[in-house]
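Listed here are the chains, written in short residue letters.
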Amino acid sequence: MSLHDKTIEELHDLLVKKEISATELTKETLADIKKREELVDSFITIAEEKALAQAEAIDQSGIDASNLMSGIPLAVKDNISTSGILTTAASKMLYNYEPIFNATAVENALNQGMILIGKTNMDEFAMGGSTETSYFKKTKNAWDQTKVPGGSSGGSATAVASGQVRLSLGSDTGGSIRQPAAFNGIVGLKPTYGSVSRYGLIAFGSSLDQIGPFAPTVKENAQLLNVIASQDSKDSTSAPIEVGDYTSKIGKDIKGMKIALPKEYLGEGIDPKIKENILEAAKTFEKLGAIVEEVSLPHSKYGVAVYYIIASSEASSNLQRFDGIRYGFRADDAKSLEEIYVNTRSQGFGDEVKRRIMLGTFSLSSGYYDAYFKKAGQVRTLIIQDFDKVFADYDLILGPTTPNVAFDLDTLSHDPVAMYLADLLTIPVNLAGLPGISIPSGFVEGLPVGLQLIGPKYSEEVIYQVAAAFEASTDYHKQQPIIFEGGR
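Residues numbered from 1 in each chain as written. Predicted model: local features only at pLDDT ≥ 70, side-chain atom pairs only at ≥ 80, totals over all residues. Heavy atoms only, no water.

Participant: Looking at this structure, how should I read the packing of helix α9 (residues 303–318) against helix α12 (residues 370–391)?
Facilitator: The axes of two packed helices give the description: the angle between them and the distance between them. Axis separation between α9 and α12 bottoms out at 9 Å; the angle between their running directions is 130°. With respect to each other, α9 and α12 are oriented oblique. Two packed elements cross with a definite hand, and for α9 against α12 that hand is left-handed. Note on element contacts: α12 touches α9 through Y372, F373, A376, G377, V379, R380 and I383, opposite G303, V306, I309, I310 and S313. (Axes fitted to C-alpha atoms, helices over the stretch in contact; angles between N-to-C directions. Helix = DSSP H or I, 4+ residues; strand = E, 2+ residues; numbered from the N terminus. Parallel < 35°, antiparallel > 145°, perpendicular 65-115°, else oblique. Left-handed = near helix turned anticlockwise from the far one by under 90°. Contact = heavy atoms within 4.5 Å.)

Participant: For this particular structure, what's the right way to read the UniProt feature "active site" (unreviewed entry) in the protein?
Facilitator: Look at the UniProt record and you will see "active site" (unreviewed entry) annotated at K77, S152 and S176. Spanning 100 residues, the named residues nonetheless gather at one spot, since no C-alpha pair among them exceeds 11.0 Å. Counting through the fold element by element, K77 comes out in strand β2 (residues 73–77). Side-chain polar atoms of K77 contact the side chain of S152, separated by 2.7 Å. By secondary structure assignment, the location of S176 is in the loop between β4 (168–172) and α6 (178–184). For S176, the contacting residues outside a window of four places in its chain are K77, A126, G128, G151, S152, S153, S171 and F214. Within polar-contact distance, the side chain of S176 engages the backbone nitrogen of S152 at 3.0 Å. (UniProt positions renumbered as here; feature names shortened; annotations may be inferred. Polar contact = N/O pair within 3.5 Å; in protein donor to acceptor, adjacent residues only side chain to side chain.)

Participant: Is there a simple way to explain the pairing of strand β9 (residues 396–400) in this structure?
Facilitator: On any regular strand, side chains alternate: one points to one face of the sheet, the next to the other face. Within β9, five of the five residues are buried, which leaves it mostly tucked inside the rest of the structure. Here strand β7 (residues 258–262) runs beside β9; their pairing, made up of two bridges, is parallel. Note that in β9 the partner of I259 across the bridge is L396. Sheet topology places β9 next to strand β11 (residues 447–454); four bridges connect them, and they run antiparallel. For G399, the partnering residue across the bridge sits in β11 and is Q452. (Buried < 20%, exposed > 50% of the residue type's maximum accessible area, 1.4 Å probe, protein only. Pairing = 2+ DSSP bridges.)

Participant: I would appreciate a short explanation of helix α11 (residues 351–364) in the present structure.
Facilitator: The periodicity of an α-helix, 3.6 residues per turn, causes residues three or four positions apart to be oriented the same way. In a regular helix each residue adds 1.5 Å, so 14 residues correspond to 20 Å; α11 covers 20 Å between its end C-alpha atoms and thus fits that length. Among all positions of α11, only E352, V353, R356, I357, G360 and S363 are buried. All buried residues of α11 project into a common sector of 135° when viewed along the axis, lining one side. In this structure, α11 carries D351 and M358 as exposed residues pointing more than 90 degrees from its buried face. (Expected span 1.5 Å × (residues − 1). Arc of directions from axis to C-beta.)

Participant: Is there a simple way to explain unusual backbone geometry in this structure?
Facilitator: Leave glycine aside and you will find that most residues have negative phi; peptide bonds, for their part, are mostly trans. The omega torsion of the bond from G151 to S152 falls at 5°, within 30 degrees of zero and hence cis. For S152, the location among the structural elements is in the loop between β3 (115–120) and α5 (154–161). For A89, which is not glycine, the phi dihedral falls at a positive 55°. Among the structural elements, A89 can be located in the loop between β2 and α4 (104–111). The phi dihedral of F125 is positive, around 50°, even though this residue is not glycine. Structurally, the position occupied by F125 is in the loop between β3 and α5.

Participant: Just to check I follow, could you spell out helix α10 (residues 337–348) for this structure?
Facilitator: Between its first and last C-alpha, α10 extends 16 Å over twelve residues, near the 16 Å set by a 1.5 Å rise per residue. Taken together, the buried positions of α10 are occupied by I340, N343, T344 and G348. Summarising the axial view, the buried residues of α10 lie within an arc of 110°, below the 170-degree limit, and thus occupy one face.

Participant: Teacher, can you tell me more about the packing of helix α2 (residues 22–40) against helix α3 (residues 48–61) here?
Facilitator: With their axes 8 Å apart at the nearest point, α2 and α3 run at an angle of 155° to one another. When the axes of α2 and α3 are compared, the pair comes out roughly antiparallel. Across the interface between the two elements, A22, T23, T26, K27, L30 and K34 of α2 pack against E48, A51, L52, A55, E56, I58 and D59 of α3. Split into classes, the residues belonging to the contact of α2 with α3 amount to six nonpolar, two polar and five charged. (Nonpolar A, V, L, I, M, F, W, Y, C, P; charged D, E, K, R; others polar.)

Participant: What am I meant to see in the nonpolar core here?
Facilitator: Soluble globular proteins tend to pack their nonpolar side chains together in the buried interior. Grouped together as the largest cluster of nonpolar side chains are 135 residues, with contacts concentrated most on F125, F285, F387 and L398. Discounting chain neighbours no more than four positions away, the residues touching F387 are Y265, L297, I397, P428, V429, A432, L434 and I454. Within the second largest apolar cluster, six residues are counted, among which are V148, A406, L409 and M419. (Core = buried A, V, L, I, M, F, W, Y, C linked by side-chain atoms within 4.5 Å.)

Participant: Would you mind showing me how to read the side chain of T45 here?
Facilitator: Mapped onto the secondary structure, T45 falls in strand β1 (residues 43–46). By relative accessible area, T45 is classed as buried at 16%. Discounting chain neighbours no more than four positions away, the residues touching T45 are I85, L86, G118 and K119.

Participant: Can you help me understand the pattern of salt bridges in this one?
Facilitator: A side chain with one charge can pair with a side chain of the opposite charge if their charged atoms come near. Scanning all chains against the criterion turns up 18 salt bridges. The residue E48 makes a salt bridge to K34 at a minimum N-O spacing of 3.1 Å. Of this pair, E48 sits in helix α3 while K34 sits in helix α2, and the two are 14 residues apart along the sequence. Exposure remark for E48: the relative accessible area of 31% places this residue in the partly exposed category. Judged by relative accessible area, K34 falls into the exposed class, the value being 51%. Residue D78 is joined to K119 by a salt bridge in which the shortest nitrogen-to-oxygen separation is 3.2 Å. Of the two residues, D78 is situated in the loop between β2 and α4 and K119 in strand β3; the sequence distance between them amounts to 41 residues. Residue D78 is classed as buried on the basis of its relative accessible area, which comes to 0%. (Salt bridge = Lys/Arg side-chain N within 4 Å of Asp/Glu carboxyl O.)

Participant: When you look at the sheet that holds strand β10 (residues 436–444) in this model, what are you seeing that I'm missing?
Facilitator: Two orientations exist for strands paired in a sheet by backbone hydrogen bonds: parallel and antiparallel. If you walk across this open sheet you meet the eleven strands as β1-β3-β2-β4-β6-β5-β10-β11-β9-β7-β8, and the pairing is mixed. Only two strands of the sheet have a single partner each, and these edge strands are β1 and β8 (291–295). On average, adjacent strands in this sheet sit at an angle of 30° to one another, irrespective of strand direction. Contacts between α2 and the sheet are confined to β1, β2 and β3, with β3 contributing the most and set at about 15° to the helix.

Written out as structure tokens, the structure is:
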């Protein structure tokens, strides 16, 4: 029995009825991973022994019929801390790092009986949009192995899209969940900033990072968010809100809801075929009874510039801890303390990470702080105000997730500016701390297209409601890549 044939609810039913055990399900998942891993390279570490031991323990204690996730395997991005399992952030700097604690999101999943199956590949320290900056390997798109999977959570996205696992966790700093979800034809949500604890997430941009779920369907995505979202005293940015049931509005109609379509999201730089796809999606929403109207987010054009100043500045600060002294890689050719620092960081970080550290250090330096970092913070406020004005009159914002479908491997990796511009539609959501989802909305030249829905803070239930209504009226989420043997 293969995971990609059954929803989480169907698997739970089989587990409760003892038609399959958690151990059998875990073994089947491991078999699916081994069958497809050579094609896509989704994983850095497969935690086979620990996963089977966990599954056997769950079988001995019995599946909890009231707990949907009991015995369900989960893949986790390799910048999310897992006790006793390598957590490398896809960097030489952390090639041998085994944490002694779990991230809160992982701990929440384990407390619900989920089985940690392995750690997924990513762009080094989550810096990239193609999963090509990893120290270990390059992940390939599930639909076409000559294309990138998106990034930085490319491994988590392809693990789900290729049928290796049903559920996975990623992190999103400027689009790193939504972009790979779009490129691989699955559902990826970046939650409201603060709704999922960042404790145990290896920090990139602390005011931007969020852990979030990947799944093949909207409902399963919401079910995983139910598990990982929580208040957390260990995270000073954790939002002081009661976590409800994110599936509560799924299935309700969307008649009368107002959806905004920003003209900037369909303007210069957007592939005409992507634009056509999103306009068709808007018609689907209208057929479902929603009102779709054009609006303007005038400061969104500054999003990429603002993001790369703020994110790089925060990275410059956060990555100071990787110095060759306390843990991880240390250069063995150093003869003084200064050489330990310099040589370790020169040899341990890849080019993209070093580029962003230098950008951030420059932006924060004396004489340039006001012109760059302070100014970026002021423009960030204008971007937030743009969203506030739209949400005063509209329930959600609709647009494409990405300007293009997945591009060829090794094409943008040597052009940092082109790679940065690929995030222009996802970045503003992180700058404003808002929730955003990418769902499948069709195909262009055989590759998946992602539709993005953005809501006000803490509006995940409404986002899932509208996303599920679209999903129910289309069959894009049912399409499978050829990797499934008999897919599209």
